[in-house]
Amino acid sequence: MAKNAWFETVAEAQRRAQKRLPKSVYMALVAGSEKGLTVDDNIAAFSELGFAPHVAGLHDKREMATEVMGQPISMPVLISPTGVQAVHPEGEVAVARAAAARGVAMGLSSFASRSIEDVAAANPQTFFQMYWVGDRDTLVQRMERARAAGATGLIMTLDWSFSMGRDWGSPAIPEKMNLKAMMQNAPEAIMRPRWLMDFAKTGKVPDLTTPNLIKPGQPAPTFFGAYGEWMGTPLPTWEDVAWLREQWGGPFMLKGVMRVDDAKRAVDAGCSAISVSNHGGNNLDGTPAPIRALPAISEAVGDQLEVLLDGGIRRGSDVVKALALGAKAVMIGRGYLWGLAANGQAGVENVLDILRSGIDSAVLGLGHSSIAELSPSDLVIPADFRRDLGV
Ligand SMILES: Cc1cc2nc3c(=O)[nH]c(=O)nc-3n(C[C@H](O)[C@H](O)[C@H](O)COP(=O)(O)O)c2cc1C
């Protein structure tokens, strides 16, 4: 462990992740499709929003706890599901432990490297995330496995259009981590001895399989094997979404909504929550930042289901901006991945602590005693900020 493993900001965690991870792993986390317009706007949009603070009559204590999908959480932040492998040997289990230690709910990707059983055991507030992969029987079988493991909610992610190209060049990800792949990646890995040591200590290489997509009696499919099945699956309709929600019966989030008309359809399909999201800029490039689409969506459906946001959250003040514009809570992706890469479970806890203290400072400065009091009047919003899509 580094002499002082603690870091002060998410930006510093990212710098450490860049130093620690092999370049291909780091770039797979940076991601961003095509030209990167969306991934850039996700961050830039938060910078366009300002605050209107008070200076006296401030509150000594600020309430930050809330509830999402029936789960009480200590602050309005959740772990967004990310299907990434090879960041850290403990992977999603370390993230789940950190989230549990900080009273935060965990979203587990079906493309994750660790099983729903291990993750739900580490954090009982785990939501299992699914894509529409395979036939209805397969979807139900995966969902029932998650339920049996103790998942308390389901996240259905629909915003994926199989965009492949990145102008900066996608990192090569081997099909399977066998000896040949190890040798091919060796020059990069040897440049990153601490990352290599973390894996060497476990006696394992990152195996790049997807244990949550196993079919009964078969081995875990590789990442690309599962991706191939996904590409071959007929695309879901709104009736399919309503059907899956009914099969699940419990709290159900639709992730990836950017338009008011789709948000209304999510209400009709019986969803309990949506996340206004563009997949962290990894999907259709040119989609605006979710924070721009949030106000119209929360005005339209905020009293009918829980509206969350994810994309571009790097500090507590970003969380507060999203809440002021109508989000109940936010989810974070890269933020915790940088923390995980920088310092394992403690690094993820470090990131959650940074967000917590940032939320607290902003709520204090804005003169509120609770996150529930936040509203657009706390913000300086440029006239052309909003993107009211599908109105
Ligand atoms: C490397 C990477 C992998 C991701 N994998 C998934 C996934 O498997 N399922 C999913 O619903 N979203 C996935 N996402 C999207 C995140 O859940 C989230 O929407 C996004 O990261 C939020 O933006 P942020 O990274 O700026 O916080 C992934 C994002 C990244 C960066």
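Residues numbered from 1 in each chain as written. Predicted model: local features only at pLDDT ≥ 70, side-chain atom pairs only at ≥ 80, totals over all residues.

Secondary structure assignment for the protein yields 14 helices and 12 strands. At 20 Å, the protein has a C-alpha radius of gyration in line with the 21 Å of a compact globule built from 391 residues. Overall, the protein is about 65 × 55 × 40 Å in size when its C-alpha atoms are taken along their principal axes. A buried classification covers 48% of the 391 residues belonging to the protein. (Helix = DSSP H or I, 4+ residues; strand = E, 2+ residues; numbered from the N terminus. Rg over C-alpha atoms; globule rule 2.2 N^0.38 Å. Buried ≥ 20, exposed ≤ 12 C-beta atoms within 10 Å, placed from the backbone.)

Given a rise of 1.5 Å per residue, 14 residues ought to cover 20 Å, and the 20 Å separating the end C-alpha atoms of helix α6 (residues 136–149) matches this to within 8%. Three or more residues of α6 are buried, namely Leu139, Arg142, Met143 and Ala146. Along the long axis of α6, the arc covered by the buried residues comes to 95 degrees, so they all point the same way. Counted as exposed and oriented over 90 degrees from the buried face of α6: Asp137, Glu144 and Ala148. Contacts from the buried residues of α6 go to α5 (116–122), β6 (126–130), β7 (153–157) and α10 (238–248). The first or second residue beyond α6 is Gly150, which carries a positive phi of 110 degrees. (Expected span 1.5 Å × (residues − 1). Arc of directions from axis to C-beta. Contact = placed C-beta atoms within 7 Å.)

A few words on the UniProt feature "active site" (unreviewed entry) in the protein. The residues that UniProt annotates with the feature "active site" (unreviewed entry) are His279. Note on placement: His279 falls in the loop between β9 (273–276) and α12 (290–301). On the neighbour-count criterion, His279 (26 C-beta atoms within 10 Å) is buried. Beyond its immediate stretch of four places on either side in the chain, His279 contacts Asp159, Trp160 and Gly256. (UniProt positions renumbered as here; feature names shortened; annotations may be inferred.)

Glancing now at the site of the ligand. Close to the ligand lie 26 residues, the nearest being Ser80, Gly83, Ser109, Gly280 and Gly333. Going through the elements one at a time, α2 (23–30) and α14 (334–365) are the ones with two or more residues in the shell around the ligand. (Near = placed C-beta within 6 Å.)

Here strand β11 (residues 329–332) shows two buried faces, one formed by Ala329 and Met331 and the other by Val330 and Ile332. Note that strand β4 (residues 77–79) and β11 share three bridges and pair parallel. Across the sheet, Ile79 pairs through a bridge with Ile332, a residue of β11. With three bridges joining them, strand β10 (residues 306–310) and β11 adopt parallel strand pairing. Residue pairing in the sheet places Leu309 in a bridge with Val330 of β11. (Pairing = 2+ DSSP bridges.)

Next up on the list: the packing of helix α1 (residues 10–20) against α14. For the pair α1 and α14, the least separation of the axes is 10 Å and the interaxial angle reads 170 degrees. Classified by the interaxial angle, the pair formed by α1 and α14 is roughly antiparallel. Taken as a pair, α1 and α14 cross one another with a handedness that is right-handed. Across from Val10, Ala13, Gln14, Arg16, Ala17 and Arg20 in α1, the residues of α14 making contact are Gly335, Trp338, Gly339, Ala341, Ala342, Gly347, Val351 and Ile354. (Axes fitted to C-alpha atoms, helices over the stretch in contact; angles between N-to-C directions. Parallel < 35°, antiparallel > 145°, perpendicular 65-115°, else oblique. Left-handed = near helix turned anticlockwise from the far one by under 90°.)

Take the nonpolar core next. If you look at the biggest cluster of nonpolar residues, it comprises 108 residues, and the most contacted ones within it are Val77, Val95, Ile274, Ile297, Leu308, Ala327 and Val330. By residue number, the principal contributor to this core is α14, which donates 14 residues. Beyond its immediate stretch of four places on either side in the chain, Val330 contacts Pro76, Val77, Leu308, Leu309, Asp310, Ile313, Val319 and Ala322. (Core = buried A, V, L, I, M, F, W, Y, C linked by C-beta atoms within 7 Å.)

Moving on to the pairing of strand β8 (residues 252–257). Judged by how many residues are buried, β8 sits mostly within the fold: six of six residues are covered. Where β7 and β8 come together, four bridges link them in parallel fashion. Within β8, the position partnered with Thr157 by the bridge is Lys255. Where β8 lies against β9, four bridges are found, and the strand directions are parallel. Note that in β9 the partner of Leu254 across the bridge is Ile274.

Here we come to the packing of helix α4 (residues 91–101) against α14. Put simply, α4 and α14 touch, their axes get as near as 8 Å, and they point 15 degrees apart. Classified by the angle their axes make, α4 and α14 are roughly parallel. Regarding α4 and α14, the two cross each other, and that crossing is left-handed. Along its contact with α4, which presents Ala94, Val95, Arg97, Ala98 and Ala101, the element α14 presents Tyr336, Leu340, Gly344, Gln345, Val348, Glu349 and Leu352. A class-by-class count of the residues in the contact of α4 with α14 yields eight nonpolar, two polar and two charged. (Nonpolar A, V, L, I, M, F, W, Y, C, P; charged D, E, K, R; others polar.)

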